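What follows is the residue order along each chain.
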Amino acid sequence: MTPDAPLAAEAARRRRLRSSTSLTRSSALGLGVALTWFSILVLIPLALVVIQSTEGGWSTFRDTLTSPQTASALRLTVMQALYVTAVNVVMGTLIAWVLVRDSFPGKRLLEVVIDIPFALPTIVAGLVLLSLYGPQSPLGINVANTGRSVFLALLFVTLPFVVRTVQPVLMELDRDVEEAAASLGASRFTTLRRIILPALAPAITAGAALSFARGISEYGSLVLLSGNLPNQTEVASVRILTYIENGNEAAAASVAVILLVVALLAISLLQVLSSVVARRG
Amino acid sequence: MGIEIRGINKNFGDFVALQDIDLSIPSGQLTALLGPSGGGKSTLLRIVAGLETADSGTVEIEGEDKTHLPAQKRNVGFVFQHYAAFKHMTVAKNIAFGLEIRKKPKDEVKARVTELLKLVHLEQFSHRLPSQLSGGQRQRMALARALAIEPSVLLLDEPFGALDAKVRKELRDWLRRLHDEVHVTTVFVTHDQEEALEVADSLVVINEGRIEQIGTPDDLYDRPASDFVLSFLGPVTRLGDHLIRPHDIDITRYEHAATASGPITRWTRVGFEVRLEVTPTDVPHDEPVQVVVTRAEATALQLHEGALVWLRPRVGAEHVSR
């Protein structure tokens, strides 16, 4: 037996001891505070919504969802949010690329401007959109009261998400790695596909998830421009408000639960997609 | 043959990175580009690889003019200081990358990767991600990745610069042995003279965008062409009118054809050697003379701080006159 052996055994024993108690006091306190905070703000309200949606019984739930007006609002919301997210994935990554890799006059200004849709109160965004693309449009483009108005409003408010998640990751990306790929014979396109995109995939996914979640929940920016026409331009959030105004809280909660499920599904799907891209390399 | 570099100039704005570089690097040798940071050696290496373009001049590799070819088409293996690992790929995938791009058949790729993993001693790590490797292992992976494409030349840019002293030394010995096995024309950049002297067949000393001297380690160490080369390849001190290495000074306790004499004013012991400073009192001297003796010599001569000693250049010592 070497002289170190008893020491190593002692260390291993201590490790086992540590893992059985598993948490130190300070980390237990931290975890407790975090969980309490999370519960008060998120878990309890969400649970309440789910409970409320079942209050009217299964039939209210089913009736709400099968009502043509609600179904069409849900379809419009989810589809437009999907389109917008797809556009954001491409354009957001492109804008992030330009902001990180190129230098041009006005770059600092653009950096600030990117955040405006996010920082602006959404109703102000709605006003801006209405005056620009509404009936009195100075550009001669009038999309008010059409499905395209929803698309446009969502595009406007979700613009920063992918840009802001991809940008820091792209900044951290070593230029050597691309040079290494080039010296091994990889073309620009191959380097992009096999080296850069897999590295960016988690960030793009995170941005896409945020963008989609914001898309299905958007209210303020589209409510003015879309006109809220039933079966045409009415979105889910407007539908919820209508149910509440009519005193049908169980139906409102039912729509909310559906939106919740859709958001969760989308986020998990994107996670899977991102890990597939990252692994394929 | 090998690498022929002719009339290379490169400026970054006002900064002259390389000036009229002519250099021919023979095939199959291990050559070190040695010089202080910012001297232009990395830029020269990147120009050879095609990662940087020269303002003027030509680069030939194995007799072919590659001046205007992009990096992708030069068939050059390049190893970076900070590994440049593909972080989302396993070690095996990293090594296979260059071969997969060339659309080699799958079994051929697999065989080659196995062979290379063995060469760099990473067989049991083939399924790990680069983040699960130590710095030394990552650099060996990067080397295998560069060798996989059977490059006509292998270029290493400060390959051991980010590693700690012990790993550095191991990898250095290992690179020397690897080169004896693989025999690919290899050029590596370093600012560490010990590394260059130990590993390379020939050295190119570059300073301020110019080549100071080219030669074997012995040539450069024993017959430096300039003060700069002498002082860059090891410590130097001034004794009388000469620059000389501190261990090439004879130290005695009695007057004997001495160049200078004075008391020992500083005494530092580092391991087996003793570093002394002698402040000459008989001839005017700008700064104290540095002398290095072994501990045995110091004991035999009964040296101690404050003792009066006489100094002269050792017989056969190299020095550069002023």
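Before any of the text, the structure's been laid out above.
Residues numbered from 1 in each chain as written. Chains lettered and ligands numbered in written order. Predicted model: local features only at pLDDT ≥ 70, side-chain atom pairs only at ≥ 80, totals over all residues. Heavy atoms only, no water.

Draft legend 1. Seen up close, the side chain of Thr64(A). You can see Thr64(A) is positioned in helix α3 (residues 57-66). Leaving out residues up to four positions away in the same chain, Thr64(A) has contacts with Thr70(A), Tyr243(A), Ala251(A), Ser254(A) and Val255(A). (Helix = DSSP H or I, 4+ residues; strand = E, 2+ residues; numbered from the N terminus. Contact = heavy atoms within 4.5 Å.)

Draft legend 2. How the structure looks around the interface of chain A and chain B. Counting from both sides, the interface comprises 19 residues of chain A and, opposite them, 22 residues of chain B. In total, chain A and chain B occlude about 1,800 Å² of area from one another, counting both sides; carbon and sulfur atoms represent 62% of this. In terms of surface lost to chain B, no three residues of chain A exceed Ser183(A), Leu184(A) and Arg194(A), which account for 37% of the buried area on that side. Inspection of the chain A/chain B interface yields 2 salt bridges. (Buried area = accessible area lost by both parts, 1.4 Å probe. Salt bridge = Lys/Arg side-chain N within 4 Å of Asp/Glu carboxyl O.)

Draft legend 3. Molecular detail of the sheet that holds strand β6 (residues 76-79) of chain B. All names here are of chain B. Pairing in this open sheet of 6 strands is mixed, and the strands run β6-β7-β8-β3-β9-β10 from one edge to the other. The outermost strands of the open sheet, each flanked by one partner alone, are β6 and β10 (210-215). If you compare each strand with its neighbour and ignore which way they point, the axes differ by 15° on average. With 5 bridges connecting them, strand β7 (residues 153-157) and strand β8 (residues 185-190) associate as parallel partners. Counted as the bridge partner of Asp157 is Val189 from β8. (Pairing = 2+ DSSP bridges. Axes fitted to C-alpha atoms, helices over the stretch in contact; angles between N-to-C directions.)

Draft legend 4. Spotlight on the pairing of strand β1 (residues 3-12) of chain B. Residues and elements named next belong to chain B. Sheet analysis places β1 next to strand β4 (residues 56-61), joined by 5 bridges and oriented antiparallel. Paired with Glu4 across the strands is Glu60, a residue of β4. Connecting β1 to the next strand, strand β2 (residues 15-25), in antiparallel fashion are 2 residues, including Gly13 with a positive phi near 65°.

Draft legend 5. Geometry of the nonpolar core. Judged by nonpolar contacts, the single largest core of 46 residues is most densely connected at Ile95(B), Leu143(B) and Leu154(B). No other element matches helix α4 (residues 135-148) of chain B, which puts 7 residues into this core. When sequence neighbours within four positions are dropped, the list of residues in contact with Leu154(B) reads Gly77(B), Val79(B), Leu143(B), Ala146(B), Leu147(B), Val184(B), Thr185(B), Thr186(B) and Val187(B). Counting residues in hydrophobic clusters, the runner-up holds 39 residues, among them Ala186(A), Leu33(B), Met89(B) and Val187(B). (Core = buried A, V, L, I, M, F, W, Y, C linked by side-chain atoms within 4.5 Å. Buried < 20%, exposed > 50% of the residue type's maximum accessible area, 1.4 Å probe, protein only.)

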